[in-house]
Amino acid sequence: MIKDKNIILGVCGGIAAYKSVELLRLMKKAGADVKVVMTSSALEFVGELTFKVLSENHVCTGLFNSGDSSVRHIEWASRADAALIAPATANMIGKMARGIADDALSTMMMAVKAPVMICPSMNTYMYENRALQRNLDILEQDGVIILEPGSGELACKTSGAGRLPEPELIFDRLVKLFHPCDMKGKKVIVTAGPTREAMDPVRYISNHSSGKMGYAVAEAAEKRGAMVTLITGPVSIAPPFGVELIKVTTAHEMANAVLSSMDDADIIIKVAAVADYRPLAPRENKIKKDQMDSRNNSLTLDLVENPDILKMVGERKRNQFLAGFAAETENLIANALAKIKKKNLDMIAANIVGREDSGFEADTNKITLLSKDGSSKELPLLSKQQAAHELLDHILGKIKHQVLAR
Ligand code: CTP
């Protein structure tokens, strides 16, 4: 989303200024054109050359020492698609709130028309200071996005709020600015990953689900402004920023989590690959080899059916949009359509699994969106992130249609 975008990165003087270097690297890796503006205090902490090399641009360090036209602050500001200040010191926050322009960064910020995000970072007592908080309130009212600092031990050895968030989080929130906000106010529940059903304390039954598709759906909805609860089985990927994360292991735990949070949800998307069966009587101790049937070296495990969570949600839902995923290896469309009926769904994403480029562990997916009204949309092979956005576009279209038809 930020490829080829013009971003101003303002760096103020704070010990956390070194993190802005990594932040710049993340933005450049994503294809953004980044223009760095450093205050004179920032230059005390990190060298101009580091930012110059990494940004592949001139670094602005003052109003009058740029060596060329003194209107750089206007030119960069007018071209910017977004401006980000990390770290933002109490001094810079005060200047921006009160309209003071006495250095390159504060002057440039007065001319920026694009969205502005700031990341306050300072000692806890400074952060709690009333004047600083008043200034942050003013900036918020002016439409500036404020990324709250994290808590923890600070460089000054005090502990509390004031830490600059990690570069990955700042980068993620910057990317969010470029997404449409078309899911604002919607509560969305997404399930993802596999479930695990214990055989004994060391073994379980599960499936190959990586969680990538469900996590991509949760991330896409959060980026588009939704309040997202992600109910996830055990996976090894990092959760998206900004979602409420509920970790479960078994199908029963997933069922409890979904049923207890579904009532105020607007949209429920069940991407999880729930284990259909679980061992009837998981052993308390590890199953030993000598417990096998010695006649044919076999072990018989009795399985019992797990609750069908999607079907339970389908029976209970009221005026809520319910989407499932159908993981199929054959008869894709017929099997998926049958699941819409059986589970009372509004739509299903039919998904061929077991192929290298589409399915559980792949980074891409090929899905067909089928609706209860009989319409269908076959998507090309897409990254799971792209497929997630297509899925959400489709759901929002259907919801709009339902509202208009009412
Ligand atoms: N699902 C569920 N609870 C289960 C099984 C499946 O909530 N016990 C949901 C999945 O999250 C998915 C949808 O049902 O959204 C379809 O899952 P899938 O595994 O494709 O189908 P099943 O219903 O399990 O049927 P089958 O195994 O016969 O294909």
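Residues numbered from 1 in each chain as written. Predicted model: local features only at pLDDT ≥ 70, side-chain atom pairs only at ≥ 80, totals over all residues. Heavy atoms only, no water.

S.K.: Could you clarify how one ought to interpret the overall build of the protein chain in this entry?
M.R.: When helices and strands are tallied, the protein chain shows 14 helices and 21 strands. Along the first, second and third principal axes, the C-alpha atoms of the protein chain reach 85 × 55 × 40 Å. In the protein chain, buried positions account for 50% of the 406 residues. A separation of at least 24 residues holds for 67% of the contacts in the protein chain among residues at least 6 apart in sequence. As presented, the protein chain carries roughly 20200 Å² of accessible surface, and 50% of it is formed by carbon and sulfur atoms. (Helix = DSSP H or I, 4+ residues; strand = E, 2+ residues; numbered from the N terminus. Buried < 20%, exposed > 50% of the residue type's maximum accessible area, 1.4 Å probe, protein only. Contact = heavy atoms within 4.5 Å. Areas by Shrake-Rupley, 256 points an atom, 1.4 Å probe, with all protein chains shown as cover.)

S.K.: Please clarify how the site of the ligand should be interpreted in this entry.
M.R.: Near the ligand, the surroundings consist of 14 residues, among which Lys270, Ala272, Leu310, Lys339 and Lys343 are the closest. Within the backbone of phenylalanine 325, a nitrogen or oxygen atom sits 3.0 Å from an oxygen atom of the ligand. Protein burial of the ligand: of its 560 Å² of free accessible surface, 79% is covered by the chains. With four residues, strand S16 (residues 321-328) is the single largest residue contributor to the shell around the ligand. In terms of residue class, the shell around the ligand is built from eight nonpolar, one polar and five charged. (Near = heavy atom within 4 Å. Polar contact = N/O pair within 3.5 Å; in protein donor to acceptor, adjacent residues only side chain to side chain. Nonpolar A, V, L, I, M, F, W, Y, C, P; charged D, E, K, R; others polar.)

S.K.: Please explain the packing of helix H11 (residues 251-261) against helix H12 (residues 309-316) as it appears in this structure.
M.R.: Two quantities define a packed helix pair, namely the angle between the helix axes and the distance between the axes. Where H11 contacts H12, the two axes come as close as 10 Å, and the packing angle between them is 20 degrees. As summarised for this structure, H11 and H12 are arranged roughly parallel, according to the angle between their axes. Once H11 is placed against H12, the crossing between them reads as right-handed. Across the interface between the two elements, Ala251, Met254, Ala255, Val258 and Leu259 from H11 touch Ile309, Met312, Val313 and Arg316 from H12. Class assignment for the residues of the contact of H11 with H12 results in eight nonpolar, no polar and one charged. (Axes fitted to C-alpha atoms, helices over the stretch in contact; angles between N-to-C directions. Parallel < 35°, antiparallel > 145°, perpendicular 65-115°, else oblique. Left-handed = near helix turned anticlockwise from the far one by under 90°.)

S.K.: Got a minute to help me understand the nonpolar core in this structure?
M.R.: In terms of nonpolar packing, the biggest core is built from 34 residues, with Val217, Ile269, Leu391 and Ile395 touching the most fellow members. Elements with a minimum of two residues in this core: strand S8 (187-192), helix H10 (212-223), strand S11 (227-232), strand S13 (267-270), S16, strand S17 (347-352), strand S19 (367-371) and helix H14 (384-405). Ignoring any residue separated from it by four or fewer positions in sequence, one finds isoleucine 269 in contact with Val188, Ile189, Val190, Thr191, Val217, Ala323, Phe325, Leu391, Leu392 and Ile395. By size, the runner-up hydrophobic cluster in this structure holds 31 residues, among which are Ile7, Val11, Val34 and Val175. (Core = buried A, V, L, I, M, F, W, Y, C linked by side-chain atoms within 4.5 Å.)

S.K.: For this particular structure, what's the right way to read the domain arrangement of the protein chain?
M.R.: Much of the literature gives interface size as the accessible area that the parts lose upon coming together. By the assigned domains, the protein chain splits into domain 1 (6-176) and domain 2 (187-405). Using only C-alpha atoms to locate each centre, domain 1 and domain 2 end up separated by 41 Å. Of the residues lining the interface, six residues belong to domain 1; the matching set on domain 2 comes to five residues. The junction of domain 1 with domain 2 conceals about 510 Å² of combined surface from both sides, 57% of it contributed by carbon and sulfur atoms. Linking domain 1 to domain 2 there are three salt bridges. A salt bridge links lysine 176 to glutamate 222, with the nearest nitrogen and oxygen atoms 3.0 Å apart. (Domains from an automatic or database assignment. Buried area = accessible area lost by both parts, 1.4 Å probe. Salt bridge = Lys/Arg side-chain N within 4 Å of Asp/Glu carboxyl O.)

S.K.: Help me understand H11 in this model?
M.R.: Those residues of H11 that sit buried are Ala251, Met254, Ala255, Ala257, Val258, Leu259 and Ser261. Turning to H11, the residues buried within the fold contact S8, strand S9 (197-200), S11, strand S12 (244-247), S13 and H12.

S.K.: Help me understand the packing of helix H5 (residues 90-98) against helix H8 (residues 130-141) in this model?
M.R.: Between H5 and H8, the shortest axis-to-axis distance is 9 Å and the interhelical angle comes to 50 degrees. Taken together, the axes of H5 and H8 lie oblique to each other. Pair H5 / H8 crosses with left-handed handedness. Residue-level contacts link Ala90, Ile93, Gly94, Met96, Ala97 and Arg98 of H5 to Leu132, Arg134, Asn135, Leu136, Ile138 and Leu139 of H8. Across the contact of H5 with H8, the residue classes tally to eight nonpolar, two polar and two charged.

S.K.: Before we go on, may I ask you to explain the side chain of threonine 229 in this structure?
M.R.: By secondary structure assignment, the location of threonine 229 is in strand S11. A distance of 2.8 Å separates polar atoms of two side chains, one belonging to threonine 229 and the other to glutamate 244. Excluding its chain neighbours within four sequence positions, the residues that come into contact with threonine 229 are Lys187, Val188, Ile189, Val190, Glu244 and Ile246.

S.K.: How should the pattern of salt bridges be read in this particular structure?
M.R.: Close approach of charged atoms lets side chains of opposite charge pair. Tallied over the entire structure, the rule returns 29 salt bridges. When the shortest N-O distance is used, the salt bridge between aspartate 393 and arginine 224 registers 2.6 Å. In this pair, aspartate 393 sits in helix H14 while arginine 224 sits in the loop between H10 and S11, placing the two residues 169 residues apart along the sequence. Members of the salt-bridge network, linked through shared partners, are Asp172, Arg173, Lys176, Glu219, Glu222 and Lys223.

S.K.: What should I look at first to understand the environment of proline 87 in this one?
M.R.: Following the sequence through the fold, proline 87 ends up in strand S3 (residues 82-88). The class of proline 87 is buried, set by a relative accessible area of 1%. Counting along the chain gives 29 residues from proline 87 to histidine 58, while the straight-line C-alpha distance between them is 20 Å. Apart from the residues lying within four places of it in its own chain, the contact partners of proline 87 are Gly10, Val11, Cys12, Ala16, Ala17, Ser20, Cys119, Ser121 and Leu164.

S.K.: Explain H5 to me, please; I cannot follow it from the model alone.
M.R.: Along an α-helix, a turn takes 3.6 residues, which lines up residues three or four apart on a common side. Listed as buried for H5 are Met92, Ile93, Gly94, Lys95, Met96 and Ala97. Summarising the contacts, the buried residues of H5 are in contact with S3, helix H6 (104-111), strand S4 (116-120) and H8.

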